[in-house]
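# Reading the structure
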Amino acid sequence: MSSVYSKEDIKKVSDSYSNREKNTSDRVFCTNLSEQLGKTITMSGSIYKINNLGGIEFYTLRDRTGLTQLVLEGEIARVKLTPLSIVQVKGMVTKEERSPYNGIELKVTELTILSEAASDVPFTVGGNLSNLNLPTLLDNRPISLRNIEILSVFKVQSEIAGSFAEFLRLHNFTEIKTPKIISNETEGGSNIFEIKYFDRQAFLAQSPQFYKQMMVGSGLERVFEIGPVFRAEKHNTVRHLNEYTSLDFEMAFIKDEQDLIDMQEALLIHILKNIKAKYSDVLEYFGQEIIIPTSIPRIHFIEALEIADKLGVKDMDGDISPEGEKVVCKYIEEQYGSQFVYIVGYPVKKRPMYTMQDERLPGYTRSFDLLYKGLEITTGGQRIHNYEALKANMIAFGLNPAAYKDYLETFKFGMPPHGGLGMGLERVTMKLLGLGNVREATLFPRDIGRLEP
RNA sequence: GAUUGCGUAGCGAAGUUGGUUAUCGCGUCGGCCUGUCAAGCCGAAGAUCGCGGGUUCGAGCCCCGUCGCGAUCGCCA
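Residues numbered from 1 in each chain as written. Chains lettered and ligands numbered in written order. Predicted model: local features only at pLDDT ≥ 70, side-chain atom pairs only at ≥ 80, totals over all residues. Heavy atoms only, no water.

Considering only enclosed or pocket space, the second largest pocket measures out at about 800 Å³ in volume. Along the wall of the second largest pocket there are 31 residues; nearest its centre are Thr65, Gly66, Leu67, Ile148 and Lys155. Sorting the residues of the lining of the second largest pocket by element identifies β1 (40-52), β2 (56-63), β3 (66-73), α4 (148-170) and α7 (280-285) as the ones contributing at least two each. Ranked by the residues each element gives to the lining of the second largest pocket, the list is headed by α4, at 5 residues. Of the residues contributing to the lining of the second largest pocket, the split by class is 15 nonpolar, 8 polar and 8 charged. Domain assignment of the residues forming the lining of the second largest pocket places at least three in each of domain 1 (30-115) and domain 2 (144-441). (1 Å grid on protein atoms, 1.4 Å probe; cavity = no way out; pocket = protein on both sides within 12 Å on 5 of 7 lines; lining within 4 Å. Points joined across faces, edges and corners; volume = space filled by probe spheres on them. Helix = DSSP H or I, 4+ residues; strand = E, 2+ residues; numbered from the N terminus. Nonpolar A, V, L, I, M, F, W, Y, C, P; charged D, E, K, R; others polar. Domains from an automatic or database assignment.)

This is how it looks when you write it as structure tokens:
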């Protein structure tokens, strides 16, 4: 084999991997600045804000930990810097009352532009973006995400998902990853994306439901998954996405659906406590106060319909309308001081074929929704674990058991009583921060009109 | 799919019963400015008013069509 490069050149590069000089960066971060008072240090980041007064220039340096005021005076102030440019600066950490960031600033003596940003930014990233239209922010997502307040939404979201996993691991759940390319519809209906899979037809998973249940049956007993789900519904609302992240868990040997609710209640408290402890600044920015519940009210579906009806919202073909969900939530908050409410016992015809019926109220199920600030954030319930009962229910729902052979095998060979739930990560984030549109709680939302960026 | 609303510089908006050169703020570009933090002051560029057609002496404005977008509903987390 021949190369345009000499053996010596190649060897030098090759050797550099084993004899590499470590990156001994002495980079100081914004949050650690107060420990460096009086010292000359190096910082790296992007230029977030600019105030150029002529002989003196103020730049706000932004790194992953926060903001620092840079002061350029004299000769160095002649450097031309555009907002969002990436820089490395060297300077003296100085106490200065007039600095907006912790009364500390960096008097810059050396400045290197690592990457210059063009000046035709669609909007001022370091400014207040609240008066921009959402489509503008979404069309320019790589840029709008650089705004620290917009980005903070996703730090909170990461914490929600992280706390979810943390809590469940603590309770002996095992994290699983199930396929998103599937050959069969999960819950019937036409709301499923078709894709080409080599020379066959396949679908994008609407839910990890069947796989979760198979893994309960595997002997793990308790499983959870954080993953994408896809819905081909042509809805266009502030609370729907065609791709979203589902926080799912499924657990075995439950007595009934109340065990699931108990588990989720403790889980939610864990999540809310973590967010409150770590992101009080973000909550304050969005004007949200987290009320950590001690217990979440649980009301029956029929009761919820009555409450909505009493408050002037008619039921919708035997179901609760979004408007009804809002007034029920409002009522519960006034009566019990809870921003959450469980609605238990949805009608059989409103639920999938694997849902366990409530033997006390035939026609109703042992399933539930969790509403948070007027929005449905969770659906869950006890599942049918008896093979024959499940098969019979499939037929009753107009489905062909033969098409669900692999799924049914789990039940044929012994399946414990079990149940689980799915929680929409973006919806939880949205409501937690009081956002008006679920797209704001999605990095790169996919909706009926949006496939980019 | 249904209902409803909106398309005016890079962004956010105003534009009267149809009337001359389409207005304002932010941003951009140039100049001044040593304590800004929504910096300030002076100046400049930037819009075939979504697109096509019609009515009219005259259309950003009225009518028809078309495309795009938002919101609500069905459905759902």
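On we go from here.
With 8 of its 8 residues buried, helix α12 (residues 425-432) lies for the most part within the structure. The complete set of buried residues in α12 reads Leu425, Glu426, Arg427, Val428, Thr429, Met430, Lys431 and Leu432. (Buried < 20%, exposed > 50% of the residue type's maximum accessible area, 1.4 Å probe, protein only.)

The next subject is empty space enclosed by the protein. Evaluated as defined, the whole model comprises 1 cavity of 30 Å³ or more. In this structure, the largest cavity occupies an estimated 60 Å³ of space. Lining the largest cavity are Ile160, Leu268, Ile271, Leu272, Phe340, Tyr372, Val428 and Leu432. Looking at the lining of the largest cavity, the elements that each hand over two or more residues are α6 (257-278) and α12. In terms of residue count, α6 provides more of the lining of the largest cavity than any other element does, 3 residues in total. Classifying every residue of the lining of the largest cavity by side-chain character gives 8 nonpolar, no polar and no charged.

Right, let's talk about the domain arrangement of chain A for a bit. If you check the domain split of chain A, you get domain 1 (30-115) and domain 2 (144-441). For domain 1 and domain 2, the distance between their C-alpha centroids amounts to 46 Å. Each partner contributes residues to the interface: domain 1 has 5 residues there, and domain 2 has 6 residues. Around 420 Å² of area is buried between domain 1 and domain 2 when both sides are counted, 46% of it from carbon and sulfur atoms. (Contact = heavy atoms within 4.5 Å. Buried area = accessible area lost by both parts, 1.4 Å probe.)

So, on to helix α10 (residues 387-396). Looking at α10, one finds that the buried residues are Tyr387, Leu390, Asn393 and Met394. The buried side chains of α10 occupy one side of the element, clustering within an arc of 130 degrees when seen end-on. Turned more than 90 degrees off the buried face of α10, the exposed positions are Ile395 and Ala396. Turning to α10, the residues buried within the fold contact α11 (405-412). Between a side-chain oxygen at the N-terminus of α10 and the backbone nitrogen of Glu388 the separation is 3.0 Å; the capping residue is Asn386. Of the residues one or two after α10, Gly398 is the one with positive phi, at around 80 degrees. (Arc of directions from axis to C-beta. Polar contact = N/O pair within 3.5 Å; in protein donor to acceptor, adjacent residues only side chain to side chain.)

Time to look at unusual backbone geometry. For the bond running from Glu452 to Pro453, omega is -5 degrees, close enough to zero to count as cis. Despite not being glycine, Glu221 shows a phi value in the positive range, around 65 degrees. With respect to the helices and strands, Glu221 occurs in the loop between α5 (209-220) and β10 (222-230). Given a relative accessible area of 35%, Glu221 falls into the partly exposed group.

A word on the packing of α10 against α11. For the pair α10 and α11, the least separation of the axes is 8 Å and the interaxial angle reads 150 degrees. For the element pair α10 / α11, the angle class is roughly antiparallel. Of α11, the residues touching α10 (which contributes Tyr387, Leu390, Lys391 and Met394) are Tyr407, Leu408, Phe411 and Lys412. Its residues assigned to classes, the contact of α10 with α11 comprises 6 nonpolar, no polar and 2 charged. (Axes fitted to C-alpha atoms, helices over the stretch in contact; angles between N-to-C directions. Parallel < 35°, antiparallel > 145°, perpendicular 65-115°, else oblique.)

Position of Asn437 among the secondary structure elements: in the segment after α12. Judged by its relative accessible area of 11%, Asn437 is buried. A distance of 2.9 Å separates a polar side-chain atom of Asn437 from the backbone nitrogen of Arg439.

What follows concerns the nonpolar core. Membership of the largest hydrophobic core comes to 62 residues, with the highest contact counts inside it found for Ile160, Phe164, Phe249 and Ile275. Aside from chain neighbours lying at most four places away, what touches Ile160 is Leu247, Ile271, Ile275, Leu425, Val428, Thr429 and Leu432. One finds Val28, Met43, Leu61 and Ile76 within the second-largest nonpolar core, a separate group that totals 20 residues. (Core = buried A, V, L, I, M, F, W, Y, C linked by side-chain atoms within 4.5 Å.)

Taken as a whole and assessed by the stated rule, the structure comprises 24 salt bridges. The residue Arg78 makes a salt bridge to Glu75 at a minimum N-O spacing of 3.5 Å. Members of the salt-bridge network, linked through shared partners, are Lys255, Asp256, Glu257, Asp358, Glu359, Arg360 and Arg366. (Salt bridge = Lys/Arg side-chain N within 4 Å of Asp/Glu carboxyl O.)

Bringing the sheet that holds strand β13 (residues 340-344) into the picture now. Strand order in the open sheet made by the 8 strands is β6-β10-β11-β16-β15-β14-β13-β12, with mixed pairing throughout. On the outer flanks of this sheet lie β6 (174-175) and β12 (298-300), each paired with one strand and no other. Here β13 pairs with strand β14 (residues 367-372) via 5 bridges, running antiparallel. Across the sheet, residue Tyr342 finds its bridge partner in β14, namely Leu370. Packed onto the sheet, helix α9 (residues 322-336) meets β12, β13, β14 and β15 (375-382) and runs at close to 120 degrees relative to β13. (Pairing = 2+ DSSP bridges.)

Here we take up the sheet that holds strand β8 (residues 194-197). Strand order in the open sheet made by the 3 strands is β7-β9-β8, with antiparallel pairing throughout. Every interior strand has two partners, whereas the edge strands, β7 (181-182) and β8, have only one. Across 2 bridges, the pairing between β7 and strand β9 (residues 200-204) is antiparallel. The residue of β9 that forms the bridge with Ile181 is Leu204.

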